[in-house]
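Letter by letter, the chains look like this.
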Amino acid sequence: MTARKVRVLVIDDSASVRQTLTSVLQSDPGIEVIGTASDPFIAAKRIQEEIPDVITLDVEMPRMDGITFLRKLMSQKPIPVVMCSSLTEQGTETLMQAMEAGAVDVILKPKIAAADHLAEQASRICEVVKSAAQARLRQRPAGTVRSASASGPAQKLTADVILPPPSGKAMARTTEMVVCVGASTGGTEALREMLEKLPANSPGIVIVQHMPERFTAAFARRLNDLCEVEIKEAADGDPVLRGHVLIAPGDRHMLLERQGARYHVSVRTGPLVSRHRPSVDVLFRSAARSAGSNAMAVIMTGMGDDGARGMLEMHQAGAYTVAQDEATSVVFGMPKEAIARGGVDRIVPLGQIAPEILAEDRRR
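These numbers come from a predicted model, not from an experiment.

A. Focus on the nonpolar core. By size, the foremost hydrophobic cluster in this structure holds 59 residues, and its most contacted members are L195 and M300. With sequence-adjacent residues up to four places away left out, L195 is seen in contact with I205, I207, L223, C227, V229, I231 and V245. Among the nonpolar cores identified, the runner-up in size contains 31 residues, and M254, A287, A297 and A317 belong to it.

What follows is the structure, encoded as structure tokens:
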């Protein structure tokens with residue numbers, strides 16, 4: 001039997017964006033655009049006629065802004081929503097509010113003029129929408145304020161294109177542990193919940209969360225305002241320090257490197273790995289090479305298998321590895337794949353990840 005297509009409603013006040021997004025989405029045989037709307041009022045009528053599997057939603061629109069509509073939708077009839085925004089500093093801050101309000105993911109409005117960019121972005125847009133269709137949502141009280149990303153083109157590259165596999169020589173354990181975390185769809189709110197539970201003296205943490213460029217900086221700033229640990233978007237050469245969290249910048253890979261007894265990150269460009277940039281596989285492989293048993297790996301909610309290979313490599317290098325369980329994952333793709341490959345030591349609910357990190361730190 002033919003798999004059912006993901007039915008999408010596109011909401012944007014720009015006719016050209018509606019047309020471009022429709023064309024991009026319908027280029028994927030697994031997606032069907034069932035309609036478009038220029039504002040939330042028209043969209044509400046269309047939803048009454050046919051409930052879509054996923055909605056792509058603009059932020060700035062006439063008559064009602066996207067976030068107000070999103071909050072109303074999540075309180076009445078939760079439908080997976082992917083926010084669509086242009087790449088502006090103000091837009092990224094607004095998008096963070098949208099994620100808190102219940103959006104599953106974020107995509108950038110296609111740059112129509114740049115064919116190569118659009119080809120890569122088109123693949124990511126389709127992956128994000130199909131991922132959103134799998135998200136498990138709960139009805140949210142009106143006015144409450146919540147989510148994450150996926151990515152990439154047809155050829156699926158591995159971390160080999162960025163750095164070679166681990167040599168098999170595990171690093172001797174030191175007193176300092178470094179925690180490597182990977183997340184995608186549903187990860188923004190899952191990471192917030194985890195990081196809010198960590199005290200200021202927690203071990204150094206490096207995170208890959210699938211997000212577009214610039215959005216990671218706004219995400220890091222927002223988390224920094226909420227958490228006791230210091231959180232920032234990583235820059236090339238940043239040291240990994242106790243009480244500090246580094247988040248890989250969107251559209252850049254982040255690697256863990258060791259110099260003497262200290263760790264730092266390397267931020268670099270390169271092809272998409274496991275259809276993502278940044279890639280969890282790249283971070284985890286670099287940790288297996290540079291940290292060995294000094295590291296701990298955590299893989300969280302997200303679609304696909306990015307991080308599964310790298311987690312197995314970390315596990316084989318002596319790292320302690322933890323996966324988020326299915327019940328608390330918005331999409332149980334990445335943890336499920338990591339578990340299936342045999343690279344996971346322990347499976348825990350979201351609320352237990354922070355205590356697990358602190359317990360492992362005490363054991364060192």
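On we go from here.
B. Summary view of the pattern of salt bridges. Scanning the model with the defined rule gives 21 salt bridges in all. Measuring nitrogen to oxygen at the nearest pair gives 3.2 Å for the salt bridge that ties D53 to R4. Separated by 49 residues along the polypeptide, D53 in the loop between α2 (40–49) and β3 (54–58) and R4 in the segment before β1 (6–11) bring together distant segments of the chain. The class for R4 is exposed, based on a relative accessible area of 57%. The partner of R285 in a salt bridge is E313, and the shortest N-O contact between them spans 2.8 Å. Taken together, the residues R285 in helix α8 (residues 280–290) and E313 in helix α9 (residues 308–316) connect sequence positions 28 residues apart. The burial state of R285 is the same as that of E313; both residues are buried.

C. Here's a closer look at α8. Among the 11 residues of α8, 10 are classified as buried, and the element is accordingly described as predominantly covered. Among the residues of α8, those classed as buried are V280, D281, V282, L283, F284, R285, S286, A287, A288 and S290. Among the residues trailing α8, G292 stands out with phi positive, at a value near 55°.

D. View of the packing of aromatic side chains. With the rule as written, the count across this model stands at 0 aromatic pairs. The ring centre of Y320 lies 5.5 Å from the NZ or CZ of R363, which sits over that ring.

E. Looking closely at the pairing of strand β13 (residues 320–324). A large share of β13 lies buried, amounting to 5 of its 5 residues. Residues Y320, V322 and Q324 line one face of β13 and the alternating positions T321 and A323 line the opposite face, and both faces are buried. On the question of chirality, the crossover connecting strand β12 (residues 295–299) to the parallel β13 by way of α9 is right-handed. Sheet analysis places β13 next to strand β14 (residues 346–348), joined by 3 bridges and oriented parallel. Bridge pairing in β14 links A323 to I347. Taken together, β13, helix α10 (residues 334–340) and β14 constitute a β-α-β crossover, and its handedness is right-handed.

Reading guide: rules and limits
- Residues numbered from 1 in each chain as written.
- Predicted model: local features only at pLDDT ≥ 70, side-chain atom pairs only at ≥ 80, totals over all residues.
- Heavy atoms only, no water.
- Core = buried A, V, L, I, M, F, W, Y, C linked by side-chain atoms within 4.5 Å.
- Buried < 20%, exposed > 50% of the residue type's maximum accessible area, 1.4 Å probe, protein only.
- Contact = heavy atoms within 4.5 Å.
- Salt bridge = Lys/Arg side-chain N within 4 Å of Asp/Glu carboxyl O.
- Helix = DSSP H or I, 4+ residues; strand = E, 2+ residues; numbered from the N terminus.
- Phe/Tyr/Trp six-rings, centres within 6.5 Å; stacked < 30°, edge-to-face > 60°.
- Lys NZ or Arg CZ within 6 Å of the ring centre and 35° of its normal.
- Right-handed = clockwise from strand over helix to strand, strands pointing away.
- Pairing = 2+ DSSP bridges.

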